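Observations on the three-dimensional arrangement
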Amino acid sequence: GACYGLRVSLYKSGRVVAALVAVVAGYAAPQQAAAQVAPTPLLMSPLRSTYAPGTGIADAAEPWAVVQNPASLGTLQGFSLGLRHTETTQTTWFGRGTGVYYAQPLPLLSRIQLGGALELLRPPSDTPDLTSGKLSLAMAVRVLPWLHLGLHYAHLFARSDVASYDGLDTVSLGLRLLGGRYVAFGAVLHDLPAPRPKDGTLPPLQRSYELELLSRPLGDERWELGLGTQLSEVTRELAPRLRLWVRPRAGLSLGAEAQLLLSPQQNSTPEYRFGVGLQLDFARVGFALFGLAGSSADSLRPGFGGGSLALRVSGEDYPSLPAGRQTLYKIDLGQRRGHDLLRLLLTLRRIETDPRAQGVLVVLSDVGGSWG
């Protein structure tokens, strides 16, 4: 009887273990099938923002920094509003879309800058079902004059009746280092949580790492050379990029860039694209135009790759193309005492920030004080 009871108990225990194994196997099978779906290629992520040629993650504050590198907003001194429209024809290079971008420092906490963006993203092919919207929020903190940190959050929304990446949320981290007037460095960790779409048939997203070194050989913006790259975590794709800006005079900028896409997959032909552009800046308004060309997976011969238009409105004064009215101030230091000297000090501080000030002529006759 004892042997019979033990045999029944073992029989029942075996059925329970078998059922547990079946449940675990049934749960693991879909996970394994989902894991076998190839991840989204580096430059074809549905979360990729509207492409902004000529710009980079090591640049100073611009409105597109909200989606490129939020840490770049650390140098922002006033509001910055941007509009951009980009068309691309190469199927491998996403970034076709339209966006509006805005950023400004906090009124009482100038070390913190906030920004937001709303973009309408479209794939290179004319497929209306794949059109999606992207909402971005960004924050930058100026930890030190040469160290800026940034945080970026994005939410993707699209039609719910089609197979899409609707509802994806992601977070990215940014860093910008300043090495004086001659060099700047930017780094971004894109898509930190590596979000997965709810639809298991869609490929998962992957994290990527982007770095850029910006050099100013003359110590100012007359020449800028940026060298950067982006690396995907899973597919190990590499996208090195080189860009150049030449500014022969204030407000006039000529730009060029070139980028490669290198994939470790066998029988994969490297693809490339390049572009040239023009930017015109006025005191608080600027325009940019870029044309793109490049190869495709089927042909190495370059073809038309699209273009990009941008408009910037800012609360800060940029080096302006038209010089406008210039002012030469004359200051007489003679016979100034007490409050007159304080008023003179305030006048000099105002002249220091006046973009129209061409110079100051100081008259030293009849000064009643020492040289100090």
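Owing to the predicted nature of the structure, the values given are computational and were not obtained by experimental measurement.

1. Some words on the overall build of the protein
A tally of regular secondary structure across the protein gives 3 helices and 16 strands. In the protein, which comprises 372 residues, the proportion classed as buried is 38%. Considering only intrachain contacts with a sequence separation of at least 6, the fraction spanning at least 24 residues in the protein is 55%. Approximately 20,500 Å² of the protein is accessible, and the part contributed by carbon and sulfur atoms is 65%.

2. Remarks on unusual backbone geometry
It is generally the case that most residues other than glycine have a negative phi and that most peptide bonds are trans. One non-glycine residue, Ala-194, adopts positive backbone phi at about 50°. Its place among the elements puts Ala-194 in the loop between strand E7 (183–190) and strand E8 (208–215). The phi torsion at Arg-236 lies on the positive side, around 60°, for a residue other than glycine. Here Arg-236 shows up in the loop between strand E9 (223–232) and strand E10 (241–249).

3. Observations regarding the pairing of E9
Note on strand geometry: in a regular strand, side chains alternate between the two faces of the sheet. Here E9 shows a clear split, with Glu-224, Gly-226, Gly-228, Gln-230 and Ser-232 buried on one side and none of Trp-223, Leu-225, Leu-227, Thr-229 and Leu-231 buried on the other. Sheet analysis places E8 next to E9, joined by 8 bridges and oriented antiparallel. When the sheet's bridge partners are listed, Ser-208 is paired in E9 with Ser-232. Relative to E10, E9 runs antiparallel, the two being bridged by 6 bridges.

4. A few points about the confidence of the model for the protein
Atomic detail in the predicted coordinates should be set aside for any region of low pLDDT. Mean pLDDT for the protein: 84, with 84% of residues reaching 70 or above. Counted against residues more than four places away or in other chains, residues 2–14, with its pLDDT under 50, gives 0 contacts. Within the model, the stretch residues 16–35 combines pLDDT values under 50 with 1 contact to residues more than four positions away or in other chains.

5. Remarks on the environment of Arg-241
Residue placement: Arg-241 occurs in strand E10. Setting aside residues no more than four positions away along its own chain, Arg-241 makes contact with Tyr-51, Ala-52, Pro-53, Gly-54, Thr-55, Gly-56, Gly-226, Leu-227, Gly-228, Glu-257, Ala-258 and Gln-259. Within the structure, Arg-241 has its side chain in polar contact with the backbone oxygen of Thr-55 (distance 2.8 Å).

6. So, the environment of Ala-61
Relative to the helices and strands, Ala-61 resides in the loop between helix H1 (2–35) and helix H2 (65–68). By relative accessible area, Ala-61 is classed as buried at 11%. Every residue in contact with Ala-61, bar those within four places of it in the chain, is listed here: Ser-72, Leu-73, Thr-75, Leu-76 and Tyr-318.

7. As for a nonpolar patch on the surface
Residues Phe-79, Leu-81, Leu-83, Val-100, Tyr-102, Leu-118, Leu-135, Leu-137, Tyr-153 and Phe-157 make up a contiguous nonpolar surface patch of about 800 Å² in total accessible area. Of all the elements in the fold, those that place two or more residues in the nonpolar patch are strand E1 (80–88), strand E2 (96–105), strand E4 (132–144) and strand E5 (147–157). Following the sequence through the fold, Leu-137 ends up in strand E4.

The rules behind the values
Residues numbered from 1 in each chain as written. Predicted model: local features only at pLDDT ≥ 70, side-chain atom pairs only at ≥ 80, totals over all residues. Heavy atoms only, no water. Helix = DSSP H or I, 4+ residues; strand = E, 2+ residues; numbered from the N terminus. Buried < 20%, exposed > 50% of the residue type's maximum accessible area, 1.4 Å probe, protein only. Contact = heavy atoms within 4.5 Å. Areas by Shrake-Rupley, 256 points an atom, 1.4 Å probe, with all protein chains shown as cover. Pairing = 2+ DSSP bridges. pLDDT = per-residue confidence, 0-100. Polar contact = N/O pair within 3.5 Å; in protein donor to acceptor, adjacent residues only side chain to side chain. Patch = residues over 30% accessible without salt bridge, like charges linked within 9 Å, V, L, I, M, F, W, Y side chains within 5 Å. Salt bridge = Lys/Arg side-chain N within 4 Å of Asp/Glu carboxyl O.

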